2 protein chains.
Amino acid sequence: MEVKVMKNILGENDKIADENRKLFAEKNITVINLMGSPGSGKTSLLEKILSKLAEKIKVAVIEGDLFTAKDAERIERQNISVVQINTAGGCHLDAAMVRRAAESLNLDELNLIIVENVGNLVCPAEFDVGENFKAVVLSITEGDDKPLKYPLIFKESAITLLNKIDLLPYTNFNLQNARADLTTIHPNIKIFETSCTNGAGLDDFCDWILKEVTK
Amino acid sequence: MEVKVMKNILGENDKIADENRKLFAEKNITVINLMGSPGSGKTSLLEKILSKLAEKIKVAVIEGDLFTAKDAERIERQNISVVQINTAGGCHLDAAMVRRAAESLNLDELNLIIVENVGNLVCPAEFDVGENFKAVVLSITEGDDKPLKYPLIFKESAITLLNKIDLLPYTNFNLQNARADLTTIHPNIKIFETSCTNGAGLDDFCDWILKEVTK
């Protein structure tokens, strides 16, 4: 019973996600679904890359959060258009939520929308929101066992950001093992090592996004 | 429709959770539901405290994980009884899963069961598994904004472990703000500052558990 209901919900979600993707394609907008655990550094990464991206393209952010607008306020301070979705305790964004948020943006003016999902390494991976690609942030302090323990999100994501790379010396995170596991789960996954503290990898990540947007 | 189904599932779960709690009380077993984000340090904490606890009481662990038995294997190496629950991608443990796992333990011989939930700061908080109390691990590297962003899990938990406290100097985590927010959300919450690297706070946490078990 539970499974059947879940399948119906996912089927309905996929339909709306496909409509979203069609709409974004018509408007020539690239959409990134940015996922990761609470505290992996998703919002901090956005704070660092948005101004760089905004020099070249028109970008907006859709922020998912359980109750607060804390992350959206951080993005707004960068003078970037942002729409807040509050899931009222819900553990992921779905396609209908993203559709409603996107409708409040001026889609004719945008090249890129980054959707920051609810902090969660499990549920968001199951819900297509109509993005062009998913990206997952894994912070070094979370441990190198996470790809094998939470494989779906890494399998679904085109890129993984190994974030807080500046903290590597203070942890027992094995970079080589993590990279090997990621590649086992998803052979074509693109991996960036990033830090919002010392700026490592951020230019490379921006360049990659810009190439995707302009291609 | 979705909401109604969810209510039915939660109602059914609460019924089984109450049965679990009655069973554990009859057997005089204290049960802790240990929750937290992926990589907050739940398994590492268990590795550090189990041998200390095992000197005084009989303890077993129920390990929740999406697919692997990695954490259960780590616990087993401590010579502690452990049962693995694989949720097959499910984002939380429920009361029925814990009931089935508990049935494979020798309940007549135990004083304490620690249930390590799936790494997730959202969904596990919604599902009573029949525990005596919930405990949430928040690692310093996740950021001090997490209590206000994920309030339910901190409201539901009797204790919060501010873990990886040794990494405090390398982050912008504001301990005073975090403590204030935790107390706003849950006035009686008990807070421990812990580190599995330098051992800070682990004895205090063990003493607190032992007091709960023997009371």
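For every chain, the first residue of its written sequence is number 1, and the numbers climb from 1 along that sequence. Each chain is given a letter, starting from A, and each ligand a number, starting from 1, according to the order in which they appear as written. The predicted nature of this model means local features are confined to residues of pLDDT at least 70 and side-chain atom pairs, given and counted, to a pLDDT of 80 or more, with totals for whole chains, interfaces and linings taken over all residues. For side-chain calculations, the full set of non-hydrogen atoms in the structure is used, while hydrogens and water are omitted.

1. Looking at the environment of Arg74(B)
Link 1 in the chain: Helix and strand assignments follow DSSP, with helices taken as H or I runs no shorter than four residues and strands as E runs no shorter than two, numbered in order from the N terminus. You can see Arg74(B) is positioned in helix α3 (residues 70–76).
Link 2 in the chain: C-alpha separation for the pair Arg74(B) and Leu46(B), spaced 28 residues apart in sequence, amounts to 9.3 Å.
Link 3 in the chain: Should any heavy atoms of two residues lie within 4.5 Å, those residues are counted as being in contact. Every residue in contact with Arg74(B), bar those within four places of it in the chain, is listed here: Asp145(A), Thr43(B), Ser44(B) and Glu47(B).

2. Brief notes about the confidence of the model for chain A
Link 1 in the chain: In the predicted model, chain A carries a mean pLDDT of 95, and 96% of its residues have values of at least 70.
Link 2 in the chain: At the level of chain-chain contacts, confidence expressed as ipTM amounts to 0.90, with global pTM at 0.93. Per-residue confidence from the predictor is reported as pLDDT, a score between 0 and 100.

3. Focus: the packing of aromatic side chains
Link 1 in the chain: In summary, the pairing rule links any two rings of Phe, Tyr or Trp, Trp by its six-membered ring, whose centres are within 6.5 Å, and it sorts them by plane angle into stacked for under 30 degrees, edge-to-face for over 60 and tilted for everything else. If you walk through the whole model with that rule in mind, you get seven aromatic pairs over all chains.
Link 2 in the chain: Consider the rings of Phe133(A) and Trp208(A), whose centres lie 4.9 Å apart with planes at 80 degrees: the pair is edge-to-face. Of this pair, Phe133(A) sits in strand β5 (residues 133–139) while Trp208(A) is found in helix α8 (residues 202–214), placing the two residues 75 residues apart along the sequence. One exposure class covers both Phe133(A) and Trp208(A), and it is buried.
Link 3 in the chain: Arranged with centres 6.3 Å apart and planes meeting at 70 degrees, the rings of Phe192(B) and Trp208(B) form a pair that is edge-to-face. Of this pair, Phe192(B) sits in strand β7 (residues 190–193) while Trp208(B) sits in helix α8 (residues 202–214), and the two are 16 residues apart along the sequence. In terms of burial, Phe192(B) and Trp208(B) fall into one category: buried. Three labels apply to residues, based on accessible area from a 1.4 Å probe with only protein chains included: buried if under 20% of the type maximum, exposed if over 50%, partly exposed otherwise in between.

4. Remarks on the nonpolar core
Link 1 in the chain: Remark: nonpolar core denotes a set of buried residues (Ala, Val, Leu, Ile, Met, Phe, Trp, Tyr, Cys) joined through side-chain atoms within 4.5 Å. Counting 64 residues, the largest nonpolar core has Ile62(A) and Ile113(A) as its most contacted members.
Link 2 in the chain: Excluding residues within four positions of it along the chain, Ile113(A) makes contact with Phe24(A), Ile29(A), Thr30(A), Val31(A), Ile32(A), Ala60(A), Ile62(A), Leu105(A) and Leu107(A).

5. Digging into unusual backbone geometry
Link 1 in the chain: Its identity is not glycine, yet Ala88(A) carries a phi of approximately 55 degrees, on the positive side.
Link 2 in the chain: With respect to the helices and strands, Ala88(A) occurs in the loop between β3 (81–86) and α4 (95–103).
Link 3 in the chain: Notably, Asn79(B) is not glycine yet its phi reads approximately 60 degrees, a positive angle.
Link 4 in the chain: Structurally, the position occupied by Asn79(B) is in the loop between α3 and β3 (81–86).

6. Comments concerning the interface of chain A and chain B
Link 1 in the chain: Across the contact, 33 residues belong to chain A and 33 residues belong to chain B.
Link 2 in the chain: Accessible area that two parts lose when put together, evaluated with a 1.4 Å probe and summed over both, is termed the buried area. Area buried by chain A at its contact with chain B is led by Pro38(A), Lys149(A) and Tyr170(A), which between them contribute 21% of it.
Link 3 in the chain: Any carboxyl oxygen of Asp or Glu within 4 Å of a side-chain nitrogen of Lys or Arg constitutes a salt bridge here. Inspection of the region where chain A meets chain B yields four salt bridges.
Link 4 in the chain: Distance and chemistry together define a polar contact, namely a pair of N or O atoms within 3.5 Å, with one atom able to donate a hydrogen and the other to accept it when in protein, and with adjacent residues in sequence counting only for side-chain atoms on both sides. Remark: the boundary between chain A and chain B carries nine residue pairs in polar contact (both at pLDDT 80 or more).
Link 5 in the chain: For the side of chain A that touches chain B, the secondary structure elements donating two or more residues are α1 (2–26), α3 (70–76) and α5 (146–149) of chain A.
Link 6 in the chain: Taken together, the residues of the side of chain A that touches chain B break down into 15 nonpolar, seven polar and 11 charged. Under the grouping applied here, Gly and all other residues not named as nonpolar or charged are polar, the nonpolar ones being Ala, Val, Leu, Ile, Met, Phe, Trp, Tyr, Cys and Pro and the charged ones Asp, Glu, Lys and Arg.

7. Details of the relation of the copies chain A and chain B
Link 1 in the chain: Copies are brought into register by a least-squares superposition over C-alpha atoms of residues with pLDDT of at least 70 in both. Between chain A and chain B, the superposition needs a rotation of 180 degrees and an axial shift of 0.0 Å, giving an RMSD of 0.0 Å. With respect to symmetry, the two chain copies, as superposed, fit the operation of a two-fold axis.
Link 2 in the chain: When the interface residues of chain A are mapped onto chain B, 100% of them again fall at the interface, so both copies present the same face.

8. Brief notes about the sheet that holds strand β4 (residues 112–116) of chain A
Residues and elements named next belong to chain A.
Link 1 in the chain: Strand order in the open sheet formed by seven strands is β3-β2-β4-β1-β5-β6-β7, and the pairing between neighbours is parallel. The outermost strands of the open sheet, each flanked by one partner alone, are β3 and β7 (190–193). With direction set aside, neighbouring strand axes in the sheet form an average angle of 20 degrees.
Link 2 in the chain: Bridge count for β5 against strand β6 (residues 157–163) is six bridges, and the pairing is parallel. For two strands to be treated as a pair, DSSP must find no fewer than two bridges joining them. Under this scheme, a helix contributes an axis fitted over its contacting stretch, all axes are lines through C-alpha atoms, and angles between N-to-C directions fall in the 0 to 180 degree range.

9. A look at the environment of Phe205(B)
All names here are of chain B.
Link 1 in the chain: Residue position: Phe205 is located in helix α8.
Link 2 in the chain: In this structure, the C-alpha to C-alpha distance between Phe205 and Phe192, residues 13 residues apart in sequence, is 6.9 Å.
Link 3 in the chain: When sequence neighbours within four positions are dropped, the list of residues in contact with Phe205 reads Ile49, Ile159, Leu161 and Phe192.

10. Overview of the packing of helix α2 (residues 42–54) of chain B against α8(B)
All names here are of chain B.
Link 1 in the chain: Across the interface, α2 lies against α8 with an axial gap of 10 Å and an inter-helix angle of 55 degrees. Judged by the angle between their axes, α2 and α8 are oblique. Crossing handedness for the pair α2 and α8: right-handed. On the side of α2, the interface is formed by Leu45, Lys48, Ile49, Lys52 and Leu53, while α8 contributes Leu202, Asp203, Phe205, Cys206, Ile209 and Leu210.
Link 2 in the chain: Class assignment of the residues belonging to the contact of α2 with α8 gives a composition of eight nonpolar, no polar and three charged. The cut-offs work like this: below 35 degrees is roughly parallel, past 145 is roughly antiparallel, 65 to 115 is roughly perpendicular, and the gaps in between are oblique. The hand of a helix crossing depends on one turn: near helix anticlockwise from the far one by less than a right angle means left-handed, and clockwise means right-handed.

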